[in-house]
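# Architecture and fold: a report
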Amino acid sequence: MVRTIITTIGLGLGLTLYSASAHAEWTVNLTPGVTDVSRSVFDLHMTIFWICVAIALVVFGVMFWSIFHHRKSRGAQAHNFHENTLVEVIWTIIPLLILVGMAVPATATLVKMYDPSEAELDVQITGYQWKWRYDYLDHDLNFFSNLSTPREQISNEAEKQEHYLLEVDRHLVLPVGTKIRFLLTSNDVIHSWWVPALAVKKDAIPGFINEAWTIIDEPGIYRGQCAELCGKDHGFMPVVIEAVSQDDFKQWLVDAQAEKQSQAAAAERTWTLDELMQQGEQVYLRACAACHLPTGEGVPGAFPALKGSPVATGDVAGHIDIVLNGKSGTAMQAFRDQLSATELAAVITYERNAWGNSLGEAVSPAQIMRLLEPSTGEAEQ
């Protein structure tokens, strides 16, 4: 019996040492993260974990010792007793002291987590089905971040890559060593923005603004997900943060503003039908295929087909209106604030000429720009 126990222990230790290299990649424990708050959360977690381990050892130790020492084979006789005041005081005072010992560091950590004051950068995060919009409120800059995992991997037609369902087309770029305040809300249903490395998990609720904050210590890529069941593509809504130095962040802001101006200039030039179709396919797969499917056939009973539909093959003005302003009472969102004029023109053109629709007509970015200008809309009214 003793030999069996020793062999089992030795085998367990051997397996532990053998798998040490893989332990960093796969673990059931929390990770310390890359912020002061995340490390405080980790320390609090480990403190309470070891308190629970100590309680378990004492309780089960006393229980097993009692079972062994007072077993019937040793002639132990059961005794009847109750209302021992000393015992009742002890098992009331000790748990109270344990709870106080756990509450003090927990409260200190919570107070720290809920203090977004004196932030140096404000980022508004808005949840959409099923993507995130990021607004840098101090820099007049915003963009959407969409899942970039190829549909072939999702449908098991291609090998899944390392960051399957955890990669996006645009990262949320943030500077290290800077206190950043997050303002979270939602455009449709309840979402939850969760990045474990930052110890930030906050619900995004329609009509409400929730606050969170962070100071990232180390440059790197940090991934998270939507942690709320927000619809059929809930699992396709990742968060990717790219933390960079403050100098690199300033340069990124300059480049992002230049890209914004470049997109505005692109809307003014003349686009061919082939160019619009090529870009429209990319926009459709990124923004529309989740509901209407890559084949344009939709999901019966939930999302209408675009292939051969009256919308995509009928009056172009009605088609543009639905894409720009959505459709009340349905899951069709308004895309006027989600896509650029060029992207809107391209995706509408693609929908009117793909899957056999083949109307042979193009919607120009300039046409969309006129519809997006507030002054134009007011003049038409």
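Relevant structure appears above.
Scope of this entry: the structure provided in the associated data block.

Cut-offs used in this document
Residues numbered from 1 in each chain as written. Predicted model: local features only at pLDDT ≥ 70, side-chain atom pairs only at ≥ 80, totals over all residues. Heavy atoms only, no water. Helix = DSSP H or I, 4+ residues; strand = E, 2+ residues; numbered from the N terminus. Buried < 20%, exposed > 50% of the residue type's maximum accessible area, 1.4 Å probe, protein only. Areas by Shrake-Rupley, 256 points an atom, 1.4 Å probe, with all protein chains shown as cover. Lys, Arg positive; Asp, Glu negative; His and termini not counted. Charge placed at Lys NZ, Arg CZ, Asp CG, Glu CD. Pairing = 2+ DSSP bridges.

## Re the overall build of the protein
- Counting its secondary structure elements, the protein contains 13 helices and 10 strands.
- With the C-alpha coordinates of the protein rotated into their principal frame, the extents come out at 95 × 45 × 45 Å.
- Across the 381 residues in the protein, those meeting the buried criterion constitute 34%.
- With an accessible surface of roughly 22700 Å², the protein has 60% of that area assigned to carbon and sulfur atoms.
- Here the protein carries 26 positive and 44 negative side-chain charges, and the mean point of each set is 9 Å from the other.

## Thoughts on the pairing of strand S5 (residues 180-186)
- Taking burial as the measure, the 7 residues of S5 include 6 buried ones, the bulk of the element.
- Bridge count for strand S1 (residues 121-128) against S5 is 7 bridges, and the pairing is parallel. Bridge pairing in S5 places Thr126 opposite Thr185.
- In the sheet, S5 pairs with strand S8 (residues 210-214) via 5 bridges, with the strands oriented antiparallel. Its bridge partner lying in S8, Ile180 is registered against Thr214.

## Overview of unusual backbone geometry
- In this structure, Trp130 follows Gln129 across a cis peptide bond, with omega equal to 0°.
- With respect to the helices and strands, the residue Trp130 is situated in the loop between S1 and strand S2 (131-136).
- Phi angles above zero are rare outside glycine, and Leu165 is one such case at about 65°.
- Along the chain, the position of Leu165 falls in the loop between helix H5 (151-154) and strand S4 (172-175).
- A positive phi angle, near 70°, is found at Leu293, a position not held by glycine.

So far we have only geometry, and geometry alone does not tell us how the molecule works.
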